[in-house]
Each structure stands twice: as C-alpha cells, then as structure tokens.
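Report on the structure
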Amino acid sequence: MARVFLLLFLGSCAFSFPYHIKNVEAPHYSISLDDPPEKRWEPVLENYNRTEIQEKVKMILDTVIPKWALHMLRPLAKVYLAFFADESYAGEIRGISRFFGMSTGEVVILNLGYEAAMFCTSIVTEDEKGNVYLGRNMDFLFADLLAKLTIDVDFTKNGEIAYTGTTFVGYVGIVTGQSPNKFAVAANGREYDTSWWKNAIFALTKKSSPLSWLVRDTLNEATNYTAAFLKLSSGPIITQVFFILAGTKSGEGTVITRNRDGFVDARFLDNGKGKWFLVQTNYDHWKLPPRFDDRRTPATEAMNSTGQKNISMDSLYQILSMPPVLNRMTIHTTLMRAAFPGNYTTVLRSKVFNKNELWEKPRTMENTTQDSSVEDTEND
C-alpha cells in the first residue's frame with residue numbers, strides 16, 4: 001500500500017492542481033521544558049479530539065505497515081522506550097499515550113513512521129545584505145490529515161523561548177526548527193525506502209536516535225551555527241537524511257548529507273563564488289533527480305530568475321508556492337530567519353479545511369505575508 005501512495009505522489013508532481021489550495025497559518029502553542037515530561041504536551045493536546053486522533057493514528061499505521069511487522073514493532077518499541085530512549089522523550093511519549101488512550105508502542109511507531117517519507121524541498125539563501133533565510137515545504141503521505149495536526153511550538157525555559165519548532169500533534173520530534181539568534185534547521189528525507197519499517201525494526205534493537213530527536217537536541221544544546229553543524233553531522237540515527245542549516249551571518253548556510261552512521265558530504269553557501277543559495281529536495285546533489293520527481297530544477301530556475309537582490313521572506317514563499325515545488329502532498333511551508341526569530345512562520349497548504357475540525361482558528365496568509373514584510377523592512 002505504501003508503494004501505491006508513493007507512486008501517486010511522484011506522479012502528481014508533474015500535473016497542475018485541479019483544486020484551489022487554502023493558505024492559513026498553523027496554530028501556535030507554547031510548552032514549558034520546566035514541566036515534567038509526562039505533562040508538557042497537555043496544554044496542546046487538550047485542543048484536539050481524542051477519539052479522532054486515535055482513529056487517524058490507527059489509519060496511518062494500518063496503511064503504511066504490514067500487520068505482521070506491526071506486531072513485531074509494538075513490543076520492540078516498548079523495549080526501546082524503556083531502555084534506549086532519552087528519558088525526557090520517553091516521558092513525553094508516555095504522557096501523550098496516556099492522554100489519548102493509546103499504547104506507548106503505537107506512539108513510538110508513529111514517531112518513527114513520520115521520519116520515513118519526508119518528501120521535502122528546502123532552500124537556504126542569503127540576500128545582498130548578507131541576511132540568511134531558510135524556507136521549506138514539508139511533503140508527506142496523508143497531506144490533508146497531517147495539515148490539520150500541524151502546529152508551531154515555542155519550547156520555553158524559565159519563561160524564555162529556548163527554540164521553536166514545527167511538528168505534528170503526537171510527534172515529540174522536530175524536523176523544522178529555529179534556535180533564536182543562532183540558527184535554523186530543516187530535515188529532508190534522503191530518497192525513500194518503501195520498506196522503512198524493516199529499518200525501524202533493526203534500529204529499535206540499537207541505540208540509534210530518531211533524526212527528529214537529534215534535531216531537537218541540537219536546537220536545545222548547540223550554542224551557535226558551527227556547534228549545530230558538528231552535532232548534526234555525527235552520531236547514529238535511524239534513517240539517512242539531509243540536514244539544511246542556516247545561521248545568522250553571511251555564508252552560514254549548508255546542506256549536510258547523512259547516512260545512518262555519520263557524515264557523507266556537505267556543501268556551503270559561498271557568496272564570493274556566486275553560491276548565494278542551495279536547493280535540496282530528496283536526492284543526492286551529485287545525481288540527477290528522477291524526471292518524474294524533479295523539484296530541484298524548477299526551484300533552482302526560480303531562484304535564479306528572482307535574483308539575490310530580490311530575496312525576502314515573501315519572494316522565498318512565492319518560489320515554494322510554485323508547482324511542482326508545491327504539490328499535492330505539500331502539508332505546510334515554513335519560513336525562518338534566525339537573526340530575526342519573530343519572523344518564523346508556518347503556512348498550511350491544505351485543499352480541504354473546516355476551521356472547527358481538530359484545530360483552532362488561524363490567521364489568513366494575506367495577513368501573515370503583510371506582517372512578515374513589515375517586520376523585514378523594520379529589521380533591515
């Protein structure tokens with residue numbers, strides 16, 4: 001079944017949209033890292049329907065994982081949570097499981113499953129003044145369902161924002177986030193393995209970290225762009241990935257290519273050599289992307305057509321809104337500028353929305369764009 005969804009996605013990239021996409025800002029919450037892990041997410045979770053969450057989780061798991069593999073994963077997930085997982089994340093998962101009335105094994109598997117098929121486009125760039133931006137489209141199976149579960153979260157310590165991330169309800173990891181005045185980061189899946197659950201079974205017998213936990217640890221611990229680069233480049237993780245990293249100064253932008261065991265490759269912004277942007281989708285930069293899923297070429301052409309002098313939050317958003325960069329499985333677009341953390345914006349790109357269904361009332365994209373433009377002008 002996962003192969004069917006994959007083919008539907010890949011084939012969809014080449015076609016125009018037969019529908020109108022509504023753009024609305026993601027709900028924004030705050031959770032305190034000073035609270036016990038088991039209780040941290042309750043202020044967020046209480047805004048969502050427990051029964052519907054249970055049904056959606058079951059549908060996702062039943063669709064993408066063979067039943068026999070699910071039976072193997074459940075007990076392994078509990079062992080992983082008890083003996084290998086960081087106690088803070090383990091506590092958060094136990095709290096989420098208890099709140100929604102689901103087994104801890106199911107929540108662990110769901111957290112691993114999100115990392116298996118991140119079809120994403122990320123762009124790190126700098127303008128002529130040396131301001132660095134990071135924009136990303138998150139593409140995934142079940143796009144409309146997950147759009148309704150997408151949230152921005154400020155993680156606070158002692159009443160101050162330690163870092164901000166975009167995630168899904170029930171997912172404790174972060175694959176898109178920002179440490180204020182330090183760096184921003186996005187994770188893109190490195191190709192796609194339709195048998196990801198085999199890797200999950202293997203990984204659960206080791207001390208490999210989910211990549212989203214590595215990102216969250218980096219946001220929490222790294223003191224600057226260089227420290228973030230070093231932390232993201234090392235340590236065993238469950239699946240291979242691209243990390244797109246943006247700092248606060250000219251030249252602080254990179255794409256890190258990772259396998260499960262460590263560093264493979266990195267490329268950097270270099271304004272002096274005309275490398276003022278880097279585009280990363282889901283394929284190694286030394287290979288041509290497949291014709292049926294080439295988002296890299298149109299994104300690159302759009303960046304060149306826009307020009308460095310015209311780069312801004314708004315122009316980057318427009319590039320990420322251009323088909324096939326924006327496609328049928330795009331869940332949300334996030335724009336970040338770590339030097340000006342208040343600019344952090346996530347826009348839901350859903351085809352169907354009922355504002356009273358599962359999530360609270362967001363602002364319109366028109367208001368979001370205007371707010372970002374005003375703030376950009378003032379900051380510059």
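Quick note: structure is the one above.
Residues numbered from 1 in each chain as written. Predicted model: local features only at pLDDT ≥ 70, side-chain atom pairs only at ≥ 80, totals over all residues. Heavy atoms only, no water.

A few words on the overall build of the protein chain. When you go through the protein chain residue by residue, the secondary structure sums to 13 helices and 14 strands. Looking at the protein chain residue by residue over its 380 residues, the buried ones come to 60%. Long-range contacts, defined as pairs at least 24 residues apart, comprise 70% of the intrachain contacts of the protein chain with a sequence gap of at least 6. Put simply, the protein chain shows about 15300 Å² of open surface, and 53% of that area lies on carbon and sulfur atoms. (Helix = DSSP H or I, 4+ residues; strand = E, 2+ residues; numbered from the N terminus. Buried < 20%, exposed > 50% of the residue type's maximum accessible area, 1.4 Å probe, protein only. Contact = heavy atoms within 4.5 Å. Areas by Shrake-Rupley, 256 points an atom, 1.4 Å probe, with all protein chains shown as cover.)

Here the focus is a nonpolar patch on the surface. On the surface, Val 79, Phe 83 and Phe 84 cluster together to form a nonpolar patch covering roughly 290 Å² of accessible area. Structurally, the position occupied by Phe 83 is in helix 4 (residues 67-83). A relative accessible area of 63% places Phe 83 in the exposed class. (Patch = residues over 30% accessible without salt bridge, like charges linked within 9 Å, V, L, I, M, F, W, Y side chains within 5 Å. Salt bridge = Lys/Arg side-chain N within 4 Å of Asp/Glu carboxyl O.)

At a minimum axis separation of 12 Å, helix 5 (residues 87-100) and helix 9 (residues 211-221) run at an interaxial angle of 115°. The way helix 5 lies across helix 9 gives a crossing that is right-handed. On helix 9, the residues touching Tyr 89, Glu 92 and Ile 93 of helix 5 are Trp 213, Arg 216 and Asp 217. (Axes fitted to C-alpha atoms, helices over the stretch in contact; angles between N-to-C directions. Left-handed = near helix turned anticlockwise from the far one by under 90°.)

With that settled, consider the environment of Val 24. Following the sequence through the fold, Val 24 ends up in strand 1 (residues 22-25). Residue classification places Val 24 among the buried positions, given a relative accessible area of 17%.

On to the pairing of strand 6 (residues 160-168), then. Here strand 6 lies mainly inside the structure; seven of its nine residues are buried. Taken together, the eight bridges between strand 5 (residues 150-157) and strand 6 define a ladder with antiparallel strand orientation. Bridging across to strand 6, Lys 157 finds its partner in Glu 160. Counting the residues that bridge the hairpin from strand 5 to strand 6 gives two residues, and of these Asn 158 lies at a positive phi of roughly 50°. Relative to strand 7 (residues 176-179), strand 6 runs antiparallel, the two being bridged by three bridges. Residue pairing for strand 7: Thr 166 is matched across the bridge by Thr 176. (Pairing = 2+ DSSP bridges.)

By themselves, these are just geometric observations and shouldn't be taken as functional.
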